[in-house]
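What the coordinates show
So you can see what is in the structure, the chains are spelled out below.
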Number of protein chains: 2
Amino acid sequence: MQFSALSPQELRQLYEQAKKTHEADKALGLKLDMSRGKPGSEQLSLSMELLTIPQTAADCRENGVDLRNYGGMDGIASCKTLFAELLGVPADQVFVGGNASLSLMYDTIAKAYTHGLLNSDKPWSKLDEVRFLCPAPGYDRHFGISESFGMTLIPIPMTAEGPDMDAVETAIKDPAVKGMWCVPKYSNPEGVVYSEAVVNRIAAMRPAAKDFLLMWDNAYCVHEFDGPFVPFPDILSLCERHGNADMPFEYASTSKITFPGAGVAVFACSKANMAYMKKLINFQTISYDKINQLRHARFLKNKENTLTLMQKHAAILKPRFEAVLQALDERVAPLGIASWNRPRGGYFVSLDTMPFCARRTWELCRDAGVVMTGAGATFPYGKDPEDKNLRIAPTLPPVNELNQAVAVFINSLKLATLEKLLGK
Amino acid sequence: MQFSALSPQELRQLYEQAKKTHEADKALGLKLDMSRGKPGSEQLSLSMELLTIPQTAADCRENGVDLRNYGGMDGIASCKTLFAELLGVPADQVFVGGNASLSLMYDTIAKAYTHGLLNSDKPWSKLDEVRFLCPAPGYDRHFGISESFGMTLIPIPMTAEGPDMDAVETAIKDPAVKGMWCVPKYSNPEGVVYSEAVVNRIAAMRPAAKDFLLMWDNAYCVHEFDGPFVPFPDILSLCERHGNADMPFEYASTSKITFPGAGVAVFACSKANMAYMKKLINFQTISYDKINQLRHARFLKNKENTLTLMQKHAAILKPRFEAVLQALDERVAPLGIASWNRPRGGYFVSLDTMPFCARRTWELCRDAGVVMTGAGATFPYGKDPEDKNLRIAPTLPPVNELNQAVAVFINSLKLATLEKLLGK
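Model, not experiment: these values are computed from the prediction.

**Details of helix H7 (residues 196–203) of chain B**
Residues and elements named next belong to chain B. Within H7 the residues assigned to the buried category are Val198, Val199, Ile202 and Ala203. When H7 is viewed along its axis, its buried side chains cluster within an angular range of 135 degrees and face the same direction. Its buried side turned inward, H7 meets strand E7 (162–163), helix H6 (165–171), strand E9 (213–217) and helix H8 (235–241).

As structure tokens, this is what we get:
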């Protein structure tokens, strides 16, 4: 039943079938969304208690400070302590910001451009070219930030252990290469957990740029959906041990722990970076929303309690991922037309079609009412060199809709592949 | 009793008295803060209801959208409508951000540097020099942002009607002059409400820089503490009428309406600016905290209800301002050693000492345990050319502490003046 073993006539038959199914799918007028890593409403219901913390003036005090008022730029102590425990870093190396780690990442890059980083000779805006390493497939919004600032994006192949470190170590000899994007645990979209060897090589890098910026987006630091919490090395102390203390900025948030639209985000960095950044941020704000920080510190309490909450998320997420993987195993694997990962955490299934079939699969899905992340989006400049990677985000739709969406996706994938094989 | 009418011997006597009082004040070991425009705890208690809105999943929906989840970058509809009414602008020209208008202002300037504004030929970071007009005395944090980006700050004298427009109109002939800071209603620190004539001249400016940025910080748009709401012209439509639609960015927040540490901030601008900014911000965040936007929209409801709340703030604030003004009237006016404003809104009393007495007054206050905003802080680079302006912020301390702090301030002012007159 492998497509490669079929005769042209058999392929044409399958094509006609798939086309008929596609027309029938279109007629259903579906509106299904598998495009973004959004928690579903069942997950959101896990954190409703958050909304009624705090209630009284006394509730709003911490260490004698009224959190309703101005002040406390770098975040409240209890929230720093919480994230310090989650990330395994010292609390005084944590800065608690607003609701979005993406904003904090954007802001670090923006400050590199407007003011320069701690070890920069001058602001990056004064340089002719800034190059940035983009392990790909990767997170489209990371690449988007880099593009928005006019950086040159350098793709780095992803392996099953993380970025191809041979490629990285060669690339960083170029002093115009100023940094690298990483999602080290359950990478977006492939769900790769960087191996200890890769993390160590990253921490030990010797970039030519002395202000090399390691963007360590630990978005899925406690986001196992299959199995218990997986401990992960602390990049800050590892880099410090290798003489690279000021290289990493680590990011995390509660977007996929409590509410994506109303969470708390942090960055963590060396003490020297923290002092430098605080000096700069002091011009930018008096404080972020400390009451929301308090809500999160009191609701999540500590790592143990947070991990218990994450297991409740897992109980909701695991069946969704299993539904996708089971459908792919049963209905695509026998055809030999695609490969995919089997993540144990994170928010995505990454699938590779046969070369030059991804964009067409995406179009066919769209025409049948199923929104997927744009083909190519997981690559720098949105350009997947072989047009084969697609990112499936199975978390948002209810299970019955998800099954429908996956059925549409699978038929679209078959149809696109058959079109390619038949030269249509 | 005017100091100018006293003999050297009489002055020396007063000096000895003031010095004795100063030593006695110091011995009290006070710790009083009149440095920042912070609401007092009585004011914060007015908005406690905010903390328990919303509570259920149904509460979290608006227009069929679950506000707990990702999305809605430019803010929720009800919150836009609220601010549109408060500022007198169309709702689709309002962008609702995080908790701090200062951050939004910083961000506009940062984008001018990294990407350029809508009508910029190139990002400001590529220019040799950026000059910015700073009506002074003004808000230290505005000037701080400009300084942080390395702008050249051009002081513009303040008059009782707003910035000296002759000076402004001359200055803007220079194409390196890229913008101006304004707090148009109850200016910080003088409490000046810009006159209609001044607002009209501002809207009708013909700056040489085609990307001239009018930073219109309407921080005190509904912040009357003495008397009813004072209507104020809408700068967006005025500028549009004069062919300057893209010149102004207006800012406001609930920091001094609900909670300074947990409010909601907005910017408003032309439709073209909004489209441009949304395109850029789309790389920066998926959304700001929509649940907190919802809290504010449901709690504040509309302009009428917001003005009712502001009258409750007024009832708390007015006695504090009266206490300061009465003390100054009774105990400083007869000496002829200072002048001050009589604001009807905003958060400050601005006081001018005799030339070159402000910094010393500040020092004496500090030594006696009363923290004031640094002398000079209300001028670009912190340099008050005549060292005479001091900003009194009477809102935070409870009334009994305020009276104590004002007594210390008045004695410090007298002592500093006497030192100057006696050449000490």
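**So, the sheet that holds strand E11 (residues 265–268) of chain A**
Residue and element names in this part refer to chain A. Here eight strands make up an open sheet; going across it, the order is E4-E11-E10-E9-E8-E5-E6-E7 and the pairing mixed. With partners counted over all chains shown, the strands left at the sheet margins are strand E4 (94–96) and strand E7 (162–163), one partner each. Sheet topology places strand E8 (residues 177–182) next to strand E9 (residues 213–217); four bridges connect them, and they run parallel. Looking at E9, one finds that methionine 180 is bridged to leucine 214. Contacting E9, strand E10 (248–253) and E11, helix H4 (residues 101–114) crosses the sheet at an angle of about 155 degrees to E10.

**Some details on the interface of chain B and chain A**
At the interface, 47 residues of chain B touch 46 residues of chain A. Broken down by secondary-structure element, the contributors of at least two residues to the side of chain B that touches chain A are helix H2 (41–44), helix H4 (101–114), helix H5 (140–148) and helix H10 (290–300) of chain B. Across the side of chain B that touches chain A, the residue classes break down as 24 nonpolar, 17 polar and six charged.

**Details of the domain arrangement of chain A**
Residues and elements named next belong to chain A. Here chain A is partitioned into domain 1 (3–43 + 307–421) and domain 2 (56–301). Computed from C-alpha coordinates alone, the two centres of domain 1 and domain 2 are separated by 31 Å. Each side of the interface is counted separately: domain 1 has 25 residues, and domain 2 has 27 residues. Mapped by element, the contributors of at least two residues to the side of domain 1 that touches domain 2 are helix H11 (303–331) and strand E15 (389–392). Top contributing element to the side of domain 1 that touches domain 2 by residue count: H11, with eight residues. Taken together, the residues that form the side of domain 1 that touches domain 2 break down as 14 nonpolar, seven polar and four charged.

**Some thoughts on the pairing of strand E11 (residues 265–268) of chain B**
Residues and elements named next belong to chain B. Here E11 shows no split at all, with Ala265 and Phe267 on one side and Val266 and Ala268 on the other all buried. Sheet topology places strand E4 (residues 94–96) next to E11; three bridges connect them, and they run antiparallel. For valine 96, the partnering residue across the bridge sits in E11 and is valine 266. Pairing between strand E10 (residues 248–253) and E11: four bridges, direction antiparallel. Paired with serine 253 across the bridge in E11 is alanine 265.

**A word on the sheet that holds E15 of chain A**
One key point about sheets: their strands pair by backbone hydrogen bonds, in either a parallel or an antiparallel sense. Residue and element names in this part refer to chain A. Overall, antiparallel pairing links the three strands, which are arranged E12-E13-E15 in an open sheet. The open sheet has two edge strands with one neighbour each: strand E12 (338–340) and E15. Taking each pair of neighbouring strands and ignoring which way they run, the sheet shows an average axis angle of 25 degrees.

**What about the relation of the copies chain B and chain A?**
Once chain B has been moved 0.0 Å along the axis and rotated by 180 degrees, it coincides with chain A to within an RMSD of 0.0 Å. Such a turn and shift between the copies fits a two-fold axis. Among all residues of chain B, the one whose C-alpha sits closest to the rotation axis is threonine 52 of chain B, at a distance of 2.7 Å. Most of the interface of chain B is mirrored in chain A, where 98% of its interface residues again form contacts.

**Examining the environment of threonine 308 of chain A**
Residues and elements named next belong to chain A. In this fold, threonine 308 is placed in helix H11. For threonine 308, a count of 11 C-beta atoms within 10 Å puts it in the exposed group. For the pair threonine 308 and phenylalanine 229, spaced 79 residues apart in sequence, the C-alpha separation works out to 9.8 Å.

**Things to note about the packing of H4 of chain A against H4 of chain B**
Each pair of packed helices gets described by two things: the angle between the helix axes and the distance between those axes. Interhelical geometry of H4 of chain A versus H4 of chain B gives an angle of 55 degrees and a closest axis separation of 10 Å. Judged by the inter-axis angle, H4 of chain A sits oblique to H4 of chain B. Crossing geometry of H4 of chain A relative to H4 of chain B is assigned as left-handed. Residue-level contacts link Ala110, Tyr113 and Thr114 of chain A of H4 of chain A to Ala110, Tyr113 and Thr114 of chain B of H4 of chain B.

**Overview of the pairing of strand E6 (residues 152–159) of chain B**
Residue and element names in this part refer to chain B. For strand E5 (residues 131–136) and E6, the ladder comprises six bridges, and the chain directions are parallel. Across the sheet, the residue bridging to alanine 136 is proline 157, located in E6. Once the chain exits E5 it traverses H5 before rejoining the sheet at E6, and the crossover so formed is right-handed. Pairing between E6 and E7: two bridges, direction antiparallel. Bridging across to E7, methionine 158 finds its partner in proline 163. Here E6 folds back onto E7 in antiparallel fashion, the turn holding two residues.

Thresholds, definitions, all that
Residues numbered from 1 in each chain as written. Chains lettered and ligands numbered in written order. Predicted model: local features only at pLDDT ≥ 70, side-chain atom pairs only at ≥ 80, totals over all residues. Buried ≥ 20, exposed ≤ 12 C-beta atoms within 10 Å, placed from the backbone. Helix = DSSP H or I, 4+ residues; strand = E, 2+ residues; numbered from the N terminus. Arc of directions from axis to C-beta. Contact = placed C-beta atoms within 7 Å. Pairing = 2+ DSSP bridges. Axes fitted to C-alpha atoms, helices over the stretch in contact; angles between N-to-C directions. Nonpolar A, V, L, I, M, F, W, Y, C, P; charged D, E, K, R; others polar. Domains from an automatic or database assignment. Least-squares fit on C-alpha atoms with pLDDT ≥ 70 in both. Parallel < 35°, antiparallel > 145°, perpendicular 65-115°, else oblique. Left-handed = near helix turned anticlockwise from the far one by under 90°. Right-handed = clockwise from strand over helix to strand, strands pointing away.

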